Amino acid sequence: MRRPIYESMHLLMQRAHDQLTPADWFQLTDLADAAASEALRLAEVTEHIGHMVSDDGESATRSGFFQDSKNVHALLCSLSSSLESIGAMAEVGSYAASQLIPITQPEVKP
């Protein structure tokens with residue numbers, strides 16, 4: 001399965017890796033927090049959609065938008081894309097944080 005957003009972010013990180021300063025890496029760590037916020041926002045939106053669909057299913061007059069497979073497909077593809085973006089943001093933010101951890105050499109005992 002292709003994940004164009006995730007794969008593109010990975011490619012950019014590979015190409016830019018040696019060009020980034022510690023300040024750049026630090027700025028990229030913000031993506032981890034942004035990913036967490038976006039995941040929580042998406043969870044809330046998805047929950048509300050679930051309640052809306054459930055309420056509509058119990059109603060005598062079914063007027064909900066997600067009554068046919070085309071609309072459900074569009075919703076699920078949109079959610080998939082959003083989750084892919086969140087995954088890419090989290091990956092970059094986490095990797096950036098790892099670049100800021102000083103590498104210590106183990107002590108060699110004679």
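Anything mentioned here points back to the structure above.
Because the structure is a prediction, the values reported are computed rather than measured. (Residues numbered from 1 in each chain as written. Predicted model: local features only at pLDDT ≥ 70, side-chain atom pairs only at ≥ 80, totals over all residues. Heavy atoms only, no water.)

Student: Quick question: what am I supposed to make of the pattern of salt bridges here?
Tutor: Between side chains of opposite charge, pairing is possible as soon as their charged atoms come close. Tallying each qualifying case throughout the model produces one salt bridge. Taking the shortest distance from any N to any O, the salt bridge between arginine 41 and glutamate 38 comes out at 2.5 Å. In this pair, arginine 41 and glutamate 38 are both assigned in helix 3 (residues 30-58), three residues apart and thus about one turn of the helix distant. By relative accessible area, which is 24% here, glutamate 38 ends up partly exposed. (Salt bridge = Lys/Arg side-chain N within 4 Å of Asp/Glu carboxyl O. Helix = DSSP H or I, 4+ residues; strand = E, 2+ residues; numbered from the N terminus. Buried < 20%, exposed > 50% of the residue type's maximum accessible area, 1.4 Å probe, protein only.)

Student: How do you make sense of the packing of helix 1 (residues 4-16) against helix 4 (residues 69-99) when you look at a structure like this?
Tutor: Helix packing for two helices is described by the angle between their axes and how far apart those axes are. Following both chains from N to C, one finds helix 1 and helix 4 inclined at 20°, their axes separated by 8 Å at the closest point. Regarding the angle of helix 1 to helix 4, the classification is roughly parallel. For the pair helix 1 and helix 4, the sense of crossing is right-handed. Contact residues: Pro4, Ile5, Tyr6, Met9 and Met13 in helix 1; Ser81, Glu84, Ser85, Gly87, Ala88, Glu91, Val92 and Tyr95 in helix 4. Within the contact of helix 1 with helix 4, the residues separate by chemical class into eight nonpolar, three polar and two charged. (Axes fitted to C-alpha atoms, helices over the stretch in contact; angles between N-to-C directions. Parallel < 35°, antiparallel > 145°, perpendicular 65-115°, else oblique. Left-handed = near helix turned anticlockwise from the far one by under 90°. Contact = heavy atoms within 4.5 Å. Nonpolar A, V, L, I, M, F, W, Y, C, P; charged D, E, K, R; others polar.)

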